[in-house]
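Structural overview for review
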Amino acid sequence: MKTHLAAAVGSLVLTAGTLLGAPAAGAQTAAYPISPFYVDDGQGSYAHGTLTWYNRSVGVDGTLRAVDCRRAWFGAYGASGKELGTRSTGTKCNTTYPLKTGIPADVPGGATYVIVCIDDEYAQPIKCVQVDRP
């Protein structure tokens, strides 16, 4: 009899712990803001996709289309205009290349804006656009 009572109490404790630790029905995590980006060099090369604005970084998801040899470059900046972090692809020639990276922005609240550039094979900017955090 004591064995069954102990098992019943143990089961009750486990069930209560599971219910108390569970999130409320319908509770959802707030989504991070997302911004589209598009930049082209006027010669057939372009980079496009989305930026996801996290608290201390910016996620990049998109595509680079390189005609001749091009690079995609991303720079995250704070409200003061200070550069917080950068990322770029290597040089890509006559190809389509997936963009999937994160740009560091390790300050409270993260980046205020990102500069997206198409560079030539020598890492010299051809065309850049600024994308502001929503």
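Residues numbered from 1 in each chain as written. Predicted model: local features only at pLDDT ≥ 70, side-chain atom pairs only at ≥ 80, totals over all residues. Heavy atoms only, no water.

Using the criterion set out here, one finds two disulfides in the structure. Here Cys-117 is linked by a disulfide to Cys-128, with a sulfur-sulfur distance of 2.0 Å. Between Cys-117 and Cys-128, the disulfide has an S-S torsion of 105° and is therefore right-handed. Here Cys-128 lies in strand S7 (residues 125–132) and Cys-117 lies in strand S6 (residues 113–120), a separation of eleven residues in the sequence. For Cys-128, a relative accessible area of 36% gives the class partly exposed. (Disulfide = S-S within 2.5 Å. Helix = DSSP H or I, 4+ residues; strand = E, 2+ residues; numbered from the N terminus. Buried < 20%, exposed > 50% of the residue type's maximum accessible area, 1.4 Å probe, protein only.)

Our focus in this paragraph is the packing of aromatic side chains. The geometry of an aromatic ring pair is captured by two quantities: the separation of the ring centres and the angle between the planes. Tallied over the full model, the rule gives four aromatic pairs. Ring centres 4.8 Å apart and planes at 70° place the aromatic pair Tyr-32 and Tyr-54 in the edge-to-face group. Taken together, the residues span a long stretch of sequence, with Tyr-32 in the loop between helix H1 (2–21) and strand S1 (34–40) and Tyr-54 in the loop between strand S2 (46–53) and strand S3 (57–77) at a distance of 22 residues. Centre to centre, the rings of Tyr-77 and Tyr-113 are 5.1 Å apart; their planes meet at 10°, and the pair counts as stacked. Here Tyr-113 lies in strand S6 and Tyr-77 lies in strand S3, a separation of 36 residues in the sequence. (Phe/Tyr/Trp six-rings, centres within 6.5 Å; stacked < 30°, edge-to-face > 60°.)

Looking now at the pairing of S3. Relative to S3, S2 runs antiparallel, the two sharing eight bridges. Of the residues in S3, the one forming a bridge with His-48 is Thr-63. The pairing of S3 with strand S5 (residues 92–104) spans twelve bridges and is antiparallel. What sits directly across from Arg-70, in S5, is Lys-92. As defined by bridge partners, S3 adjoins strand S4 (residues 83–88) across five bridges and the pair is classed as antiparallel. Among the inter-strand pairings, Trp-73 is bridged to a residue of S4, identified as Ser-88. The antiparallel pairing of S3 with S4 creates a hairpin that spans five residues between the two strands, and Gly-81 there sits at a positive phi of about 90°. (Pairing = 2+ DSSP bridges.)

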